Each structure stands twice: as structure tokens, then as C-alpha cells.
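The chain contents come next:
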Amino acid sequence: MSRKLLTLLLILASSFTAKAYRQDTVLVHSAKMDRDIPAIVVVPDKALPPHFDKCPSIYLLHGHAGSYTFWTDIRKDLGEVADSYGFIFVCPNAENSWYFDSPIRPDSQFETFVSQELVNYIDEHYNTLADRDFRAIAGLSMGGHGAMFLGMRHTDIFCSAGSMSGCPDIRVHPGNWNIQDVLGNYADDSIRWDKHCVVNQISRIKNGELSLIIDCGEQDFMLEMNKDLHTRLLGAGIDHDFITRPGYHWFNYWQNALDYQLLFHGKVFKANSDKHNSRASAS
């Protein structure tokens, strides 16, 4: 075989294997909101024909003023990352909901949507490992708040939760980022705001019940809040990873932060897989 022909065959082979993953845009019906919500699902090669392997899933949450396309916009390689790790990525739309079930807006019930309706849809339609031990949630800014909030409140659904530049205490910014649109004015009902703060969900979890990673840039205006969350978790005896690096509340920080998050969640999945295999061997 000539060198030129061999080179051509290698190029053709790489073109066929370079994009083995599949990226779907789906509409998921929310019975609680009585409307359809879009989401992007990135499926690794191993979960597709002819393999049909069951894979862990990671729910990636966008920030304020973002959308379900955010993660695939800033990480153009998310499909390749899915293939590399063997993870199914689920990127839902959540508007400026802060991932609450709003007590004042029936059309904004995103705690129920993400933690129940969306999870059920994904497990029914994709080759997931449909077990909380293989399901993680992570997000940035508003989505970092959402990942911690949902993770702590739904340990039966998620085994690990990760925040990048999250807002763990929404009371610090009562007039910003449309929080009042879903909770009402802070001055009118501060107790309602207290109940929806991440820092006030810590008492819901026991050490080892939920794996946690918190990540924030040293120049991020959310840094002190994240340090406070770290201190509160230490005080409660909750083991967690806490990472700070140089960086601002901006895209290039989150692009990099996602790699640390995936390494963390991957280790949790591996430990849970070993635990399941050990139980199977003993039975």
C-alpha cells in the first residue's frame, strides 16, 4: 500500500470516528407547569448502537440569563468529552428560575422539573444507569446555586453536586438577577428567602450522603459567599472539596472549571461502581 493511500485511509477513518457522540435537542413536558421545556442531551458513543452501554449522567445547569445551549456554546468539545468519560450530559433550560419551585409563579416550577420530570424522561429515553449512585448535578452561578440546592434537597436522586462560581446565599443580593420575580420581595417575606438559601439546606444532609465540590475564582465577587459555605460545611462536619483559583465570574473560568468538576464526579461514579460490584460479588 502506498504512503499516500495509507494517509488518505487514516484521514477518512478519523473523520468517521471523530464525532461518535450524538447531540439531541428535546422538548420535555412538565406536567406541573403544563408546558414543554427544551434541553440538550449529549450522548456518548458507548450509549449508542451498536454498543448500548448504560452510562452515568451529569445534569449541567446554566446561569442567570443563560439557556440550555450555554454549555455546548462555551464547551464546543462537550461531545468529545462525553465520549472520553462515557457520561451522558443533560443541559436543561431553566429561564431565570433559580431552580426553585416558585411559591408565587405556577409557570416556574423548576425544582420539580429538573429533579423529577426531567430525570424520569432521561432515564426512560436514554441508556442511563438509572440509579442515584450514577447521577450528578453541576452548574455555574445561578446554576451553581441550583446544583447545590437540588443536590442537598434530593439526595435520593443525585449522588454528587458541584458548584462553579455559585451563589449559595441569595439574601446577599435581594434586588438582583430576578430572584424577586420567583420568590417575591425580600422585605415582604424574608423567611421565604431563608428557606430557599443553599446555606440553609446543609442541615438536610449527613456526612457522606452527598459528595460536594465547590469551585470559585479568587477575583469572583461570589468568592466570600463560597468561603462562607465552605466554613459552614466544615462546621457541620460535611466532607467536601473546595477549590479556588485565579479567575473572574466569566466564561473562561467556567470552561476550565468544568474539567475539575468532571474529574470529581467521575471519581464518585467509580467509587459507587466498585461498591455495587463488591455487593454483587458477595451475594
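Refer to the structure presented above.
Below or above, wherever it landed, is the structure these notes cover. (Residues numbered from 1 in each chain as written. Predicted model: local features only at pLDDT ≥ 70, side-chain atom pairs only at ≥ 80, totals over all residues. Heavy atoms only, no water.)

The buried count for strand 5 (residues 135-140) comes to six of six residues, which makes it a mostly enclosed element. Alternating positions in strand 5 separate into two faces, Arg135, Ile137 and Gly139 on one and Ala136, Ala138 and Leu140 on the other, with burial throughout. As defined by bridge partners, strand 3 (residues 57-61) adjoins strand 5 across five bridges and the pair is classed as parallel. Following the sheet pairing, leucine 60 is matched in strand 5 by alanine 138. Note: strand 5 against strand 6 (residues 160-164), five bridges, orientation parallel. When the bridges of strand 6 are listed, glycine 139 appears paired with serine 163. Assessed by its sense of winding, the connection that carries the chain from strand 5 through helix 5 (residues 142-153) to strand 6 is right-handed. (Buried < 20%, exposed > 50% of the residue type's maximum accessible area, 1.4 Å probe, protein only. Helix = DSSP H or I, 4+ residues; strand = E, 2+ residues; numbered from the N terminus. Pairing = 2+ DSSP bridges. Right-handed = clockwise from strand over helix to strand, strands pointing away.)

Ile137, Met152, Ile170 and Leu212 are the most contacted members of the largest nonpolar core, which has 57 residues in total. A total of seven residues in this core trace back to one element, the largest contributor, which is helix 4 (residues 110-125). Once residues lying within four places of it in the same chain are set aside, the contact partners of methionine 152 are Val198, Gln201, Ile202, Arg204, Ile205, Leu210, Leu212 and Leu233. Counting residues in hydrophobic clusters, the runner-up holds 30 residues, among them Phe89, Ala136, Met164 and Tyr253. (Core = buried A, V, L, I, M, F, W, Y, C linked by side-chain atoms within 4.5 Å. Contact = heavy atoms within 4.5 Å.)

The next point concerns the environment of glutamate 117. Mapped onto the secondary structure, glutamate 117 falls in helix 4. Classification of glutamate 117 as buried rests on a relative accessible area of 15%. A C-alpha to C-alpha distance of 26 Å links glutamate 117 and aspartate 83, two positions 34 residues apart in sequence. Not counting residues within four places of it along the chain, the set of residues in contact with glutamate 117 comprises Val28, Ser30, Ala31, Lys32 and Thr112. Side-chain polar atoms of glutamate 117 contact the side chain of serine 30, separated by 2.7 Å. (Polar contact = N/O pair within 3.5 Å; in protein donor to acceptor, adjacent residues only side chain to side chain.)

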